Amino acid sequence: MKDFVITADSNCDLLPDYIKEKKIGIIPHYYDLEGITYGDEINLTPKEFYDRMRTGLMPTTMASNPAVIRETFQKYADQGLDILHISFSSALSGGHSNVVTGAREISEENPGVKIIVLDSLNVSMGEGMVVMKAVQLKEAGKTLEEIAEWIEANKLDFCVQFTVNDLFHLQRGGRVSKMTAIVGSIINIKPLLIVNKEGALVSSGTARGRKKSLITIVDDMEKQMGKYKEEDNVICVVHGDAQEDAEYIVKLIKERLHTNNVIVNTVSPSIGAHSGPGAVGICFMGESRE
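Please read all numbers here as calculations on a predicted model, not as lab measurements.

Visitor: If you had to explain helix 10 (residues 243-257) to someone new, which residues and values would you point to?
Guide: In this model, helix 10 (15 residues) spans 21 Å end to end at C-alpha, consistent with the 21 Å of a helix rising 1.5 Å per residue. Among the residues of helix 10, those classed as buried are Ala246, Ile249, Val250, Leu252, Ile253 and Leu257. Seen end-on, helix 10 carries its buried residues on one side only, within an arc spanning 160°. Those residues of helix 10 that are buried are in contact with helix 9 (210-225), strand 11 (235-239), strand 12 (262-266) and strand 13 (280-285). His258 sits one or two residues past helix 10 and shows a positive phi near 55°.

Quick look at the structure:
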């Protein structure tokens, strides 16, 4: 069986040690802050990024660079490897389209090299969990095609629930109206959001106050899990420099599900530019995304 490599986007939010250990190829997504483009050699720590946002700076984001995609895929093609790329949701970024184009070009230029690009229809560690499952299947001896088939059949079972602390970041990205942001902030309304079956970010309701919003996304996670509640699958908690709130979520998850299989990581800047400081989310296996 020909060997292959698994690749993904930088905003899959996998832990750096995991990426290194499993040799995951990462294609960066970019963000611009005060005229400086970050994402390749130049990067801010999550703390630096979110602290700058707290001062009022508003970053802009960019999808993956076609030249970098080609370079990355060509590197693996030169090693005689096939490629399985799992991309960030096509409903939220042009990165998926860029990767599909790059994969087609490299395949045409390198006969015999197979590149499969899968749209995770997901974000952050929702995408990351799909990558982790692909790695697990590869280590179990599954072929590139078998893994791709499993992901296509099951990717909608990777679910995301999250809430944000500041409605104005969502308003700036067109997710809520300016009036909703103003009124919601005044009365301390916190939006609850999910990634739907089309891979888009949509509202699932609201909660009054921060603590209630954190409890509610755990409640909603439990409802969505269905049959998966009986399995000890990994649950991922992500946050926009809100470690204390993330730890509270982890505590609730462990108490309710009696599991220690929980991973915590920060939301990457290319996503955090839209969700803002204080965003907290849960990525998990569920029977239904909605």
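Visitor: Quick one: what's the story with the nonpolar core, residue by residue and with numbers?
Guide: Counting 50 residues, the largest nonpolar core has Ile6 and Leu84 as its most contacted members. Sorting elements by how many residues they give to this core places helix 5 (residues 124-139) first, with 8 residues. Sequence-distant contacts of Leu84, that is, excluding residues within four places in its chain, are made with Val5, Ile6, Thr7, Ile116, Leu118, Ala134, Leu144, Ile147 and Ala148.

Visitor: Tell me about the pairing of strand 8 (residues 158-163), residues and numbers included.
Guide: Of all 6 residues making up strand 8, 6 are buried, and the element is well covered by its neighbours. Side chains Phe158, Val160 and Phe162 of strand 8 all project onto a buried face; the interleaved residues Cys159, Gln161 and Thr163 project onto the opposite face, where all are buried too. Relative to strand 13, strand 8 is paired through 6 bridges, and the arrangement is antiparallel. Across the sheet, residue Phe158 finds its bridge partner in strand 13, namely Met285. With 3 bridges joining them, strand 8 and strand 9 (residues 189-195) adopt antiparallel strand pairing. By the bridge assignment for strand 9, Phe162 is matched with Leu193.

Visitor: Tell me about the sheet that holds strand 7 (residues 115-119), and name the residues and values.
Guide: Spatially, the 4 strands line up as an open sheet ordered 2-1-6-7, and their pairing is parallel. For this open sheet the edge positions go to strand 2 (25-27) and strand 7, each flanked by a neighbour on one side alone. Across the sheet, the axes of successive neighbouring strands diverge by a mean angle of 20°, strand direction being ignored. For strand 1 (residues 4-9) and strand 2, the ladder comprises 3 bridges, and the chain directions are parallel. Bridging across to strand 2, Asp9 finds its partner in Ile27.

What counts and how
Numbers given for residues are sequential positions, taken from 1 along each chain in its written order. Predicted model: local features are reported for residues with pLDDT of at least 70 only, side-chain atom pairs are reported and counted for 80 or more only, and whole-chain, interface and lining totals are derived from all residues. The basis for every side-chain value is the complete set of heavy atoms in the structure, and neither hydrogens nor water enter the calculation. A helix here means a DSSP run of H or I that spans at least four residues, while a strand means a run of E at least two residues long, and both kinds are numbered starting from the N terminus. For a helix, the expected span equals 1.5 Å multiplied by the number of residues minus one. The classification of residues rests on relative accessible area computed with a 1.4 Å probe and restricted to protein chains. Under 20% of the type maximum is buried, over 50% is exposed, and intermediate values are partly exposed. The directions considered for the arc are those from the helix axis to the C-beta atoms. Contacts between residues were defined by any pair of non-hydrogen atoms, one from each residue, lying within 4.5 Å. Throughout this description, the term nonpolar core refers to a set of buried Ala, Val, Leu, Ile, Met, Phe, Trp, Tyr and Cys residues connected via side-chain atoms within 4.5 Å. Each pair of strands is called paired provided DSSP finds at least two bridges between the two strands. Lines fitted to C-alpha atoms define the axes here, with helix axes fitted over just the stretch in contact, and angles between the N-to-C directions of these axes take values from 0 to 180 degrees.

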